[in-house]
Amino acid sequence: MYHQKLEQVLMNIERVMIGKRTVAELSLVSLLAQGHVLLEDVPGVGKTMMVRALAKSVGAKFTRIQFTPDLLPSDVIGVSIYNPKEMTFQFRPGPIMGNIVLADEINRTSPKTQSSLLESMEEGSVTVDGFTHKLTKPFFVMATQNPIEYEGTYPLPEAQLDRFLLKMQMGYPDAKEEMEVLNRIQLAPPIDDLQPAITLEELQHLQDEVRKVIVDEKIKEYIVDLAGKTRDHANVYLGVSPRGSIALMKASQAYAMLHGRDYVLPDDVQFLVPYIFAHRMILKSEARYEGIEPEEVIERILARTRVPVHRMAK
Amino acid sequence: MKTDYGWEDVATLILYVLSFFLLWEWLRPVEQITETANVHFFIIFAGLSLLLYYFELNWIISGAIKAMFILVVLQYLYFDVPFFGEGEWFGELTALVGESVVLTVQQNWSGVSDLFRSLLFFVLLWLTAYLMHYWLAVRKQMFLFYLFTVVYITILDTFSPYDGSMAIVRVILFGFMLMGLLGLQRMADHERITLSMGQLQKWLIPLAALIAFSSAAAYAAPKSEPIWPDPVPFLTSFSDGSGVGSGGVNRLGYGVDDSELGGSFVGDETKVFEATVQGEQYWRIETKDTYTGKGWEQSREAESLTPFSVNEAVPLTLSAIDEESETQTVSVDVDLTYNHLVYPYAPDQVINGEADELRYNPVSDKVTSYEDGDLVELSEYEWEFREPRYSLQALRNTTGLGENAGSMEQYLQLPENVPERIRELSLDITESEDNWYDKAKAVEGYFSRSGFVYEQEDVPVPEGNEDYVDQFLFETQRGYCDNYSTAMVVMLRSIDIPARWVKGYTGGEVLENLGDGRSIYEVTNNNAHSWVEVFFPEIGWVPFEPTVSFSNNISLNYDLDLDTDDDTTETPEPAETPEPESPEPLEEDTGAIGQVDEDGSSGTGGWTAFKTFISENRLMLFLVSVLLVAVGTGLYRNRNRWMPYVLIRYYRSQKGSEVYPKAYSSLLKQLRRYGLRRKETQTLRAYAKEVDNFFGTHEMSRLTDQYERILYRSEDPKDKWSNMRELWEDLIKKTTG
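Residues numbered from 1 in each chain as written. Chains lettered and ligands numbered in written order. Predicted model: local features only at pLDDT ≥ 70, side-chain atom pairs only at ≥ 80, totals over all residues.

## Details of the overall build of chain A
Scanning chain A from terminus to terminus reveals 13 helices and 11 strands. Looking at the 314 residues of chain A, the share that counts as buried comes to 43%. For chain A, long-range pairs separated by at least 24 residues make up 78% of all intrachain contacts whose partners lie at least 6 apart in sequence. (Helix = DSSP H or I, 4+ residues; strand = E, 2+ residues; numbered from the N terminus. Buried ≥ 20, exposed ≤ 12 C-beta atoms within 10 Å, placed from the backbone. Contact = placed C-beta atoms within 7 Å.)

Structure (structure tokens):
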């Protein structure tokens, strides 16, 4: 039981992306919660296609920044150029001035350029030559990073990772799905025929509505409980910050809305926790040597955290 | 070596300290048991070893420290020279050790030097400390060691002079603390939690409080006496038979061999039989006639036993039968079976018993049971008997044997070397009396008049040429029934009054008063007793009870005044004087009889009626309660089958806003009883899906959806119940199958 309009968006994406329902849902959740997504996957699994489909479905302006080691901050946020006719500097906006921005291979560029993107993500504006330029609304960044290309990369520091609402993997399609991909691409790339399912105004309205989704005290306690346990866990060096708890709550609200509810269930929280907490935790080196992943730790925490199912005494 | 210390290490340190205390408990008794001196060096060594393990010092360094400690202690203990400088002590030490190793290989244990033993003990402690370290740090389990410690302490406490009564308390305290903390560590390990101080406190404080409280309660609470006698004397007496051992404890219940009396009498609650009879009786088993100076034997074997059968008169006459005395019955229900029968004064016949033949031994008065010519042990039988009455006049008229002197020789027997002072004392006591009865009474009462003490323990066995009675009368003046009864027989015989020694049981304790004036008496090994019978030519054998009474919980209280009372009150009609043949405590006697009479005659009191009802319908009540328990258990175990119908009826009648949440909770409980249990970490929705999959429905999901709205959306549950009731009823009915 999905939200009617959002379901159409999902169906739109599914016409292009096959078997990637979870990724589509999570992207939409992030968009609704006004957060940004970090996609970690190998090239060629359809990251770009995914973002483009999403942008088209909501009628948003799509831009793309391909990060390279020599990319400068001005290449991202824009630059002021002297106009000899008018004798003034004119601001030429960079690719960040879009609604939906694909920041491809973000870990291949220098930390300086990375932070110019991430700061603007956080602040919702860019400042060039003393002038502050507001970013367009809605603003949604989907950054990708290649896990295999470690050489010549600048890994994102933990503090920067925290700015992404959620991190996810695309993963390969299975054989049947891949066959279907081939079949569809043979005729014509379906992305070109996509029509917007909702308008930008409607999207912005929905973004406002997300805040009104009811989060019961018990759910909040559950979120805090989970976050607290990541801090106490023996395998964890650095647990989830309160920003992580906020992110989890917001995402749960968006997820609830996507599923046509105006109240959050513990199920929403349970589903989202790994995507939201995993990149915000640093494991101890012993645990990493043992090959323990943050997702495993989260799974264990979930397996020993009581779900609130009783009404509180009034 | 570790450098950073956290709260976890504090916990670990506590663990090591506690295990040191446990190890200490092993060393404490060593000093006393093995007469090892300087145990404190070993204790220090144990502590040192554990401390080194705690700091996880490199094994070479810690090994060197320990070896050095051992060396220093050995040098200090076994050599008088200073550690450094003069003296070839080290060479001597190695030589001694080498020599001892050779001796050990040759299994010449006694030649091994003390120094080598100390060294071995140190090595043993070293190993033990390592083992404890392994248990603590690696296995994180200590129960086995704890159990061994408890066993060790209890065994030492039981079989050695070591008193473990405080040690066991300490072991409990330290051991439980240790295991509780280890439990926490195991849990933290399992869940991969780093212990913080708060968590440590949260665990430690309740744990300590719990242990402290339960130990204090256990320490302060009254403890029942052990049901088994102290095993050491028990085993000794068991293996030695009764009557052997110098000063050892050796009397336990009824025994056959009385040839060497003395030693302590061991209290023993083992039930021998239950007797249903009117009034307390003395239970006779046999008599013995020959006093050896140490104990009692039989003068001769009976040439033949006199056979008789059930419902036939017993060929045993103790005294002239009083025709006025009423015939009574007693049924004896035996727990500890023997092939002899106990009988009251004075038996007429056995009216019920599973033996096809009974035989009477005319020498010992013993009645034994036979089945197909073989001895058989009866578990129940009934006697018909008539309580004898003795004419006081006839008793008092007796001053000599008359014509029957010949047959009484064996009852006047005394060993040749009986000290003369016994006879002198007897003459002295009976000087003022002229007849046998008063003489016997005088001897009977002598003990209590002269301050003899009833004592079961610390009763010596006569050694060498010492006479048992002489020792009791003139040296110890304390003892139990055997002392008193033997002394009285010997004293009477020394003044030519025929007497014999009788064995059996006292009346026992009243278990229950039956409505008809009869009572059930329980006779235990504690009631094993011996007393005296004196022969009066005109009357027969009359029992006497010389043993002084004691206000003791062992029911061996006898009242000597009873007879005198009777004497005085009955003096106007001496010919008709009824003489209670077994002296009993006055209060107990009157009390018991009074109560019985009241029960029998009035029966008006509600409580009495109730008690009567209970005792009359015991079997019935028992069956009913068994049935009730069975039905209750069955209902409880099958509650998931009927509970839904109860719940449906209950919730149909319910109204109000809170019904739906309550009904939903009941449904969850019912599902749990059914076997579909929700994990606490599972969401309701996931659980509902599971339940629906199981039943092949969607009902649970729909019900859950509504409940979730109440729970997480704070919706008003008012109208939900009417909409969801049918679904709910459908689902809950499914769980009855």
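## Quick word on the pairing of strand β4 (residues 88-93) of chain A
Buried residues are scarce in β4 of chain A, accounting for 0 of its 6 residues. Between strand β3 (residues 78-83) of chain A and β4 of chain A, which pair antiparallel in sequence order, lie 4 residues; one of them, M87 of chain A, sits at a positive phi of approximately 60°. (Pairing = 2+ DSSP bridges.)

## Remarks on the interface of chain B and chain A
The partner chain A presents 22 residues to the 17 residues of chain B that form the contact. Examining the composition of the side of chain B that touches chain A, we find that 4 residues originate from one element, helix α22 (residues 699-713) of chain B, more than from any other.

## Concerning the sheet that holds strand β5 (residues 100-104) of chain A
Residue and element names in this part refer to chain A. The parallel open sheet is built from 5 strands, whose spatial order is β2-β5-β8-β1-β9. Both outer strands of the open sheet, β2 (62-66) and β9 (166-168), are each paired with one neighbouring strand and no more. Across the sheet, the axes of successive neighbouring strands diverge by a mean angle of 20°, strand direction being ignored. In the sheet, β2 pairs with β5 via 5 bridges, with the strands oriented parallel. By the bridge assignment, T63 is partnered in β5 with V101. (Axes fitted to C-alpha atoms, helices over the stretch in contact; angles between N-to-C directions.)

## Topic: the confidence of the model for chain B
Residues and elements named next belong to chain B. Within chain B, residue pLDDT values average 79, and 85% of them lie at 70 or more. The element-level mean pLDDT for chain B is lowest in helix α16 (residues 586-601), coming to 38, with helix α21 (residues 684-695) highest at 91. Overall, residues 240-251 carries pLDDT values under 50, and its contacts beyond four positions in sequence, including any with other chains, amount to 40 contacts. Our summary of model confidence lists the complex with pTM equal to 0.47 and ipTM equal to 0.85. (pLDDT = per-residue confidence, 0-100.)

## A word on the nonpolar core
Ranked by internal contacts, the top residues of the largest apolar core, which has 108 residues, are A251 and I276 of chain A. Dropping the residues within four chain positions of it, A251 of chain A is found in contact with V29, A33, G35, L165, L166, L272 and I276 of chain A. Residues A346, C481, V502 and Y505 of chain B belong to the second largest nonpolar core, which totals 73 residues. (Core = buried A, V, L, I, M, F, W, Y, C linked by C-beta atoms within 7 Å.)

## Observations regarding helix α5 (residues 111-123) of chain A
Residue and element names in this part refer to chain A. For α5, spanning 13 residues, the distance from its first C-alpha to its last is 18 Å, which sits close to the expected 18 Å at 1.5 Å a residue. Buried residues of α5: T113, Q114, S116, L117, L118, S120 and M121, and no others. Those residues of α5 that are buried lie in contact with α4 (73-77), β5, β6 (125-128), β8 (140-145) and α6 (158-161). (Expected span 1.5 Å × (residues − 1).)

## Considering the sheet that holds strand β13 (residues 380-386) of chain B
Residue and element names in this part refer to chain B. Sheet architecture is open: 6 strands sit in the order β9-β13-β8-β3-β18-β17, paired in antiparallel fashion. Either end of the sheet is taken by a strand with one partner, and the two such strands are β9 (347-353) and β17 (509-513). Sheet twist, expressed as the mean angle between neighbouring strand axes with direction ignored, is 25°. By the bridge criterion, 4 bridges tie β17 to strand β18 (residues 519-524) in an arrangement that is antiparallel. Looking at β18, one finds that N513 is bridged to S519.

## Section: the UniProt feature "transmembrane region" (unreviewed entry) in chain B
Look at the UniProt record and you will see "transmembrane region" (unreviewed entry) annotated at residues 7-27, 39-55, 60-79, 115-136, 143-161, 167-184, 204-221 and 619-636 of chain B. Helix makes up 100% of residues 7-27 of chain B and strand 0%. Its end C-alpha atoms lie 30 Å apart. (UniProt positions renumbered as here; feature names shortened; annotations may be inferred.)

## Considerations on the pairing of β18 of chain B
Residues and elements named next belong to chain B. The element β18 is extensively covered by neighbouring structure, given that 5 of its 6 residues are classed as buried. Of the strand pairs in this sheet, strand β3 (residues 271-277) and β18 are connected by 6 bridges, and their pairing is antiparallel. Bridge pairing in β18 links A275 to Y521. With antiparallel pairing between neighbouring strands as the criterion, β17 and β18 make up a hairpin whose turn holds 5 residues, including G517 at a positive phi of roughly 90°.

## A short note on the packing of helix α13 (residues 468-476) of chain B against helix α14 (residues 481-494) of chain B
For any two helices packed against each other, one specifies the inter-axial angle together with the distance between the axes. Residues and elements named next belong to chain B. In contact at an axis separation of 9 Å, α13 and α14 are set at 105° when each is read in the N-to-C sense. When the axis of α13 is compared with that of α14, the two are roughly perpendicular. Taking contact as the criterion, the partners of Y468, V469, F472 and L473 in α13 are, on α14, N483, T486, A487 and V490. Here the residues of the contact of α13 with α14 are counted per class, giving 6 nonpolar, 2 polar and no charged. (Parallel < 35°, antiparallel > 145°, perpendicular 65-115°, else oblique. Nonpolar A, V, L, I, M, F, W, Y, C, P; charged D, E, K, R; others polar.)

## Some words on the packing of helix α9 (residues 217-232) of chain A against helix α11 (residues 266-277) of chain A
Residue and element names in this part refer to chain A. The N-to-C vectors of α9 and α11 enclose an angle of 30°; their axes lie 11 Å apart at closest approach. As judged from the angle between their axes, α9 and α11 are roughly parallel. Judged by the sense of rotation from one axis to the other, the crossing of α9 with α11 is right-handed. Two secondary-structure elements touch here, α9 through I219, Y222, I223, L226 and T230 and α11 through P266, V269, V273 and F277. (Left-handed = near helix turned anticlockwise from the far one by under 90°.)

## Considering the environment of D163 of chain B
Position of D163 of chain B relative to the elements: it lies in the loop between α6 (143-159) and α7 (165-191). Placed 131 residues apart in sequence, D163 of chain B and Q32 of chain B show a C-alpha to C-alpha distance of 9.9 Å.

## Overview of unusual backbone geometry
With an omega of -10°, the peptide bond running from K137 of chain A to P138 of chain A counts as cis. Checked against the element boundaries, P138 of chain A lands in the loop between β7 (131-134) and β8. Residue K140 of chain B is not a glycine yet carries a positive backbone phi of 55°. Residue placement: K140 of chain B occurs in the loop between α5 (114-139) and α6. Overall, K140 of chain B belongs to the partly exposed group, with 18 C-beta atoms counted inside 10 Å.

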